[in-house]
Amino acid sequence: MRSSTRNFSFKQLKDVKPIIIRNLAWFSRHTAKENFGTKLKRRLRNLLIVTVVGCGTYYGYRANRNYKWFKDMTDSDNSIGTKPRVVILGTGWGAVPFLKHIDSDKYEVVCVSPRNYFLMTPLLPSVSVGTVETRTVIESIRSLVGPKVKYVEAQCVNVNPKEKLITCNSDGTDVVSRGDDVKAIYVPSKREGGASSRIIKDSARTRPQFDMKYDILIVAIGSENNTFNIPGVEEHAHFLKEILDARRIRSAISDAFESAMTPSQTPEERKRLLHFVVVGGGPTGVEFAAELSDLVREDLHHFYPRLVANDVKITLIEGTRSCFIDDEISDFTEKHFHRENIEVLMNTFVKAIKQHEVVIQAKGSNEQQSIPCSVVVWATGIKPRRLTNRIREIIGLNTQSNRMGILTDQHLRVKGVHDGSLFAIGDCATIEQPKLVDRIQLLFEEADTQHRGALDLQQFRTLVEKKTHEFPQLEIFSARIEKIFAEADEDKLGFLTLTTLHSALEKADTKLRALPATAQVASQEGRYLADLLNELPDLNIENYQKHDIKPFRYKHMGSLAYVGGDSAVVDFTGARPILDIFRLKPLSGRGAAYLWKSFYFTEMFTGRTKTLLAFDWVRTQLYGRDISRY
């Protein structure tokens, strides 16, 4: 039987079309044929309806958000003293993820820091040359964490773990830091004429001393630049760790070019003024040298063509043989820098920094060489802050034996504080890594279930799989257990004795490394600690293993660095899960630059900073960088 739809002709379709149009016209309450005036009125009416509904929705959203904000603030004020108090020191990469994920309904959360904003530190090289503006990389900590978290702008100067008390601020000689340690702000102004930009001292900034009790204290104060006691670094080198550092460097670059344009300058002095030296071949030093090269090539050559062509020079100094762990990435970076006219001095040490020159010495050489320059950027090395060393001294240097930071266990609890009320994360902390050989007798007896005095392959496999969470160095065994067992069983007996097991585990202990002082590590530690406290049923619990609380495990996701000329490098060395699953190789070039931009765009914490960053990148491409000094 033929379907009726097959007999449906085009002529019948034309007959149905007017009926459909009439019904649609009736539904929209206007005739099928309208003149221009009727259409205009209808569209204006629809536009008015959409505008009123949109404005009403937006107003309702803002009103509801403000209501919820003040309600949460009121509830937080009313609950003071009724919940355990968690105090965190700092507003950096470790503190902010913790504050965003901690359960503020379970705890009274207080943040104490002299810096009232979060700083996107990886973008500081871009800020120092004007690619990105300063307000793009900072976000107020109050708007970032919401009203349920109390913020106090103060400097913690002492911690009493026994009484669970912190002391903040002093009206003595110590000046409250703004996170940038501005020394010049207290120097009397030498300007005449009462300029509005003069440096003055007013009474708006006072910080009386106060004490604060806590139930849980988290130290996340970061670190400071390490000068390695090299003469002249403090006096003549620029750091690149805070927002004011980037602004000073930006002003210094402008000063150097404007000074070189002075008619009375000699050729030798012009070359010195336009020689920029970067010390440190890590990601910060590499990215700053790359950003400076982009500034010179893309913008400054329009305004100073002769200077750029004849006198500008950028030198990168690194004390090791390569900038990155991966040799392929290091070779690409060096070759790319050579094309960008950036001189790279490997295996070279800085011996002194003077106002007009840098004194260097090559590895294996006894001769020192002087490099005339005007601007030196120090982007290498960190050391503990004063409060970090103070906490170590209070607990006891016998327990806190690591000079680089506060020593913690694998749950980030500070060693030597037995009640578990003190935690440390980020650059100021170092996780104690347990060694297998120190507990080999217990491990062997636990794995030897048949009490034979030897372990077969299955028992060795069980030992590795069961103890990997406690001893992360065993992860190198997990993928090749049979091979490790065969290498340790040199006599081909089919089992491992205590002696042969000792040699195998000793090799695993040699792979132990301290976690790098990076934003990636601090962010993961902050998130882990927030989840730990959220799941903790009782603050008095001391044995976390009995309650199945897993220790912190760092997952390296690779490292990225911009190398200039719209190129970047992505180093996956150490990111074993990514390499094993996706078989990724080191990336370099323009594609890596897009990945670099995408990553940092998504890492921006708020929609405001994401929008500003996108507009800054577009503005730089369309109009160039702002070269004015302010």
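- As recorded by an unreviewed UniProt entry, the chain carries the name NADH:ubiquinone reductase (non-electrogenic) and is attributed to Rotaria socialis.
- In its Sequence similarities (unreviewed entry) section, the UniProt entry covering the chain states "Belongs to the NADH dehydrogenase family."

Quick notes on the UniProt feature "transmembrane region" (unreviewed entry) in the chain
So, point 1. Feature annotation in UniProt places "transmembrane region" (unreviewed entry) on residues 44-61, given in this structure's numbering.
So, point 2. When the span residues 44-61 is considered, its composition is 100% helix and 0% strand, and the gap between its end C-alpha atoms is 25 Å.

Structural notes on helix α20 (residues 590-603)
So, point 1. Its 14 residues give α20 an end-to-end C-alpha distance of 20 Å, which sits within 8% of 20 Å, the value for a rise of 1.5 Å per residue.
So, point 2. Three or more residues of α20 are buried, namely Ala 592, Ala 593, Trp 596 and Tyr 600. Along the axis of α20, the buried positions cluster into a sector of 105 degrees, meaning they face one direction only. Turned more than 90 degrees off the buried face of α20, the exposed positions are Tyr 594 and Thr 602.
So, point 3. As for α20, its buried residues are in contact with α4 (124-127), α9 (283-303), β23 (559-564), β24 (567-571), β25 (587-589) and α21 (607-623).

Let's talk about the packing of aromatic side chains
So, point 1. Taken as a whole, this structure holds nine aromatic pairs when the rule is applied.
So, point 2. Plain terms: the ring middles of Phe 257 and Tyr 304 are 5.1 Å apart, the flat faces sit at 40 degrees to each other, and that makes the pair tilted. You can see Phe 257 sitting in helix α7 (residues 243-260) and its partner Tyr 304 sitting in the loop between α9 and α10 (305-310), a full 47 residues away along the chain. Assigned by exposure class, Phe 257 and Tyr 304 land together as buried.
So, point 3. Aromatic rings pair up to connect Tyr 562, Trp 596, Phe 599 and Tyr 600 into one cluster.
So, point 4. Across the ring face of Trp 617, the terminal group of Lys 597 is positioned such that the distance to the ring centre comes to 5.2 Å.

Comments concerning the side chain of Glu 291
So, point 1. Structurally, the position occupied by Glu 291 is in helix α9.
So, point 2. Arg 625 is the oppositely charged side chain nearest to the buried, salt-bridge-free Glu 291, at an N-O distance of 4.3 Å.
So, point 3. A polar contact of 2.7 Å, which involves the side chain of Glu 291, links it to the side chain of Ser 126.
So, point 4. Filtering out sequence-adjacent residues up to four positions away, Glu 291 remains in contact with Pro 125, Ser 126, Val 129, Thr 131, Tyr 562, Trp 596 and Arg 625.

Description of the sheet that holds strand β12 (residues 275-279)
So, point 1. Pairing within the open sheet is parallel, and its five strands lie in the order β11-β18-β12-β13-β14. Here the strands that pair on one side only, and so sit at the sheet edges, are β11 (238-239) and β14 (342-345).
So, point 2. Alignment of β12 against strand β13 (residues 313-317), held across five bridges, turns out to be parallel. Within β13, the residue paired with Phe 276 across the bridge is Ile 314.
So, point 3. Together, β12, β13, β14 and β18 (375-378) form the strand contacts of α9, whose direction differs from that of β13 by roughly 175 degrees.

Notes on the pattern of salt bridges
So, point 1. One pass over the structure, following the stated rule, counts 29 salt bridges.
So, point 2. Between Arg 297 and Asp 294 there is a salt bridge, with the nearest N and O atoms lying 3.0 Å from each other. With Arg 297 and Asp 294 both in helix α9 and three residues apart, this pair spans about one turn of that helix.
So, point 3. Taking relative accessible area as the criterion, Arg 297 reaches 34% and is therefore assigned partly exposed.
So, point 4. In this structure Asp 294 comes out as buried when scored by relative accessible area, which is 1%.

Quick look at a nonpolar patch on the surface
So, point 1. On the surface, Phe 36, Leu 40, Leu 44 and Leu 47 cluster together into a nonpolar patch covering about 450 Å² of accessible area.
So, point 2. As for its placement among the helices and strands, Phe 36 is situated in helix α2 (residues 36-78).
So, point 3. Relative accessible area serves as the criterion here: at 67%, Phe 36 is assigned to the exposed category.

Some details on the confidence of the model for the chain
So, point 1. For the chain, mean pLDDT is 84; residues scoring 70 or higher make up 85% of the total.
So, point 2. Per-residue pLDDT, averaged within each element of the chain, yields its smallest value for helix α19 (residues 576-582) (52) and its largest for β12 (97).
So, point 3. Every residue in residues 1-6 scores below 50 in pLDDT, and together they form one contact with partners more than four places removed in sequence or on other chains.
So, point 4. This stretch, residues 172-195, has a pLDDT under 50; its non-local contacts, to residues over four places away or in other chains, come to 32 contacts.

Overview of the sheet that holds β23
So, point 1. Sheet architecture is open: three strands sit in the order β23-β24-β25, paired in antiparallel fashion. The open sheet has two edge strands with one neighbour each: β23 and β25. Each neighbouring strand pair of the sheet contributes to a mean axis angle of 15 degrees, computed without reference to strand direction.
So, point 2. Summarising the sheet, β23 and β24 pair through five bridges and their orientation is antiparallel. Each residue of the ladder has a partner; that of Leu 560, found in β24, is Val 570.

Comments concerning helix α13 (residues 440-447)
So, point 1. Taken residue by residue, α13 has Ile 440, Leu 443, Phe 444 and Ala 447 as its buried positions. End-on view of α13: buried residues confined to an arc of 100 degrees, all on one side of the axis.

Describing the side chain of Arg 413
So, point 1. Position of Arg 413 relative to the elements: it lies in the loop between β20 (406-408) and β21 (422-424).
So, point 2. Once you skip the residues sitting within four places of it in the chain, Arg 413 turns out to touch Leu 407, Thr 408, Gly 420, Leu 422, Phe 423, Ile 541, Glu 542 and Tyr 544.

Digging into the nonpolar core
So, point 1. Grouped together as the largest cluster of nonpolar side chains are 93 residues, with contacts concentrated most on Phe 98, Ile 218 and Leu 533.
So, point 2. Residue contributions to this core reach at least three from each of two domains, namely domain 1 (58-114 + 154-173 + 206-224 + 382-432 + 514-552) and domain 2 (238-380 + 557-623).
So, point 3. Counting residues in each nonpolar core, the second largest holds 24 residues, with Val 112, Val 159, Leu 217 and Val 414 among its members.

Details of the packing of α20 against α21
So, point 1. Interhelical geometry of α20 versus α21 gives an angle of 150 degrees and a closest axis separation of 9 Å. Viewed along their axes, α20 and α21 adopt a mutual orientation that is roughly antiparallel. Classified by chirality, the crossing of α21 by α20 is right-handed. Along the contact surface, α20 presents Trp 596, Lys 597, Tyr 600, Phe 601 and Thr 602, while α21 presents Lys 610, Leu 613, Ala 614 and Trp 617.
So, point 2. When the residues that make up the contact of α20 with α21 are grouped by side-chain class, the tally is six nonpolar, one polar and two charged.

Here's the deal with the pairing of strand β9 (residues 216-219)
Two faces make up the sheet, and in a regular strand the side chains alternate between them.
So, point 1. Because side chains alternate across β9, one face comprises the buried residues Ile 216 and Ile 218, and the other comprises Leu 217 and Val 219, equally buried.
So, point 2. Alignment of strand β1 (residues 85-89) against β9, held across four bridges, turns out to be parallel. Paired with Val 87 across the two strands is Leu 217, which belongs to β9.
So, point 3. Inspection of the sheet shows β9 paired to β21 by three bridges, in the parallel sense. Bridge pairing links Leu 217 to Leu 422 in β21.

What counts, and at which threshold
Residues numbered from 1 in each chain as written. Predicted model: local features only at pLDDT ≥ 70, side-chain atom pairs only at ≥ 80, totals over all residues. Heavy atoms only, no water. UniProt positions renumbered as here; feature names shortened; annotations may be inferred. Helix = DSSP H or I, 4+ residues; strand = E, 2+ residues; numbered from the N terminus. Expected span 1.5 Å × (residues − 1). Buried < 20%, exposed > 50% of the residue type's maximum accessible area, 1.4 Å probe, protein only. Arc of directions from axis to C-beta. Contact = heavy atoms within 4.5 Å. Phe/Tyr/Trp six-rings, centres within 6.5 Å; stacked < 30°, edge-to-face > 60°. Lys NZ or Arg CZ within 6 Å of the ring centre and 35° of its normal. Lys, Arg positive; Asp, Glu negative; His and termini not counted. Salt bridge = Lys/Arg side-chain N within 4 Å of Asp/Glu carboxyl O. Polar contact = N/O pair within 3.5 Å; in protein donor to acceptor, adjacent residues only side chain to side chain. Pairing = 2+ DSSP bridges. Axes fitted to C-alpha atoms, helices over the stretch in contact; angles between N-to-C directions. Patch = residues over 30% accessible without salt bridge, like charges linked within 9 Å, V, L, I, M, F, W, Y side chains within 5 Å. Areas by Shrake-Rupley, 256 points an atom, 1.4 Å probe, with all protein chains shown as cover. pLDDT = per-residue confidence, 0-100. Core = buried A, V, L, I, M, F, W, Y, C linked by side-chain atoms within 4.5 Å. Domains from an automatic or database assignment. Parallel < 35°, antiparallel > 145°, perpendicular 65-115°, else oblique. Left-handed = near helix turned anticlockwise from the far one by under 90°. Nonpolar A, V, L, I, M, F, W, Y, C, P; charged D, E, K, R; others polar.

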